[in-house]
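Understanding the architecture of this molecule
Next come the chains, spelled out residue by residue.
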Amino acid sequence: MLTDGYYNYKMDIWGVGCVFFEIVSLFPLFPGTNELDQINKIHSVLGTPTQELFERFRKHSAHIDFNFPSSEGTGIVKLIPHAPPDAVELMLQILAYNPDDRLSARQALRHAYFRELRRSDAEQKQKAKAQETAAHSTDRGEKQTRSDMRDEAESQQTAASSSKLVCAAFYISATNHARTARHLSS
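Residues numbered from 1 in each chain as written. Predicted model: local features only at pLDDT ≥ 70, side-chain atom pairs only at ≥ 80, totals over all residues. Heavy atoms only, no water.

1. What to know about the packing of helix 1 (residues 9-25) against helix 4 (residues 85-94)
- Contact pair helix 1 / helix 4: the axes reach a minimum separation of 8 Å and the direction vectors enclose 150 degrees. Taken together, the axis directions place helix 1 and helix 4 in an arrangement best described as roughly antiparallel. As for how helix 1 packs across helix 4, the hand of that crossing is left-handed. Two secondary-structure elements touch here, helix 1 through Ile13, Trp14, Val16, Gly17, Phe20, Phe21 and Val24 and helix 4 through Ala87, Leu90, Met91 and Ile94.
- In the contact of helix 1 with helix 4, the residues fall into ten nonpolar, one polar and no charged. (Axes fitted to C-alpha atoms, helices over the stretch in contact; angles between N-to-C directions. Helix = DSSP H or I, 4+ residues; strand = E, 2+ residues; numbered from the N terminus. Parallel < 35°, antiparallel > 145°, perpendicular 65-115°, else oblique. Left-handed = near helix turned anticlockwise from the far one by under 90°. Contact = heavy atoms within 4.5 Å. Nonpolar A, V, L, I, M, F, W, Y, C, P; charged D, E, K, R; others polar.)

2. Observations regarding the nonpolar core
- Phe20, Ile76, Ile80 and Leu90 are the most contacted members of the largest nonpolar core, which totals 26 residues.
- Listing elements by their share of this core, those giving two or more residues are helix 1, helix 2 (35-46), helix 4 and helix 5 (105-109).
- At six residues, helix 1 tops the list of elements feeding residues into this core. (Core = buried A, V, L, I, M, F, W, Y, C linked by side-chain atoms within 4.5 Å. Buried < 20%, exposed > 50% of the residue type's maximum accessible area, 1.4 Å probe, protein only.)

3. Considering the packing of aromatic side chains
- Applying the stated criterion across every chain, the model contains five aromatic pairs.
- Centre to centre, the rings of Trp14 and Phe30 are 5.8 Å apart; their planes meet at 15 degrees, and the pair counts as stacked. Placement of Trp14 in helix 1 and of Phe30 in the loop between helix 1 and helix 2 is noted, with a sequence separation of 16 residues between them. Across the pair, Phe30 and Trp14 agree in class, each one buried.
- Geometrically, the ring pair formed by Tyr113 and Phe114 is edge-to-face, given 5.3 Å between the ring centres and 75 degrees between the ring planes.
- The exposure class assigned to Tyr113 is buried, which follows from its relative accessible area of 13%. (Phe/Tyr/Trp six-rings, centres within 6.5 Å; stacked < 30°, edge-to-face > 60°.)

Here it is as structure tokens:
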């Protein structure tokens, strides 16, 4: 929003943070009616960035007047008091106003919030490898074919692992939130 078409992956990370917040809270984080309203909503939650950061953004934008009123911001934590601390910490790190301070997708997946999912994924891989080892044939041709198939399966599994972890984390967050909401309403 603060650029004239400049785009990089850190903007996608911001989008993931907004979706993550909405799944946990069940309401949108920055529901602006237009670009300026949305920027004001961002500032009301995160606070107004430094002039130095605005100067950096100004290099990529000619269409916005960067004279925003100074705001402290309410903070994300107050909006989701029921969320686990590691989920809030992850959100704060992927919703950092300065793109240089935002986590990459790889860094986000290494966050403590995903620890249990990584552990479960590793256990499944170990089980699959043990089953394959037990079933391995003594025939050299069959061994090579199975090895090739295993390499292909591992490659596909690695490619899908990141998206599985993110989807599972969002599912866990939504499930935990739904339980909390039911508990609070009863």
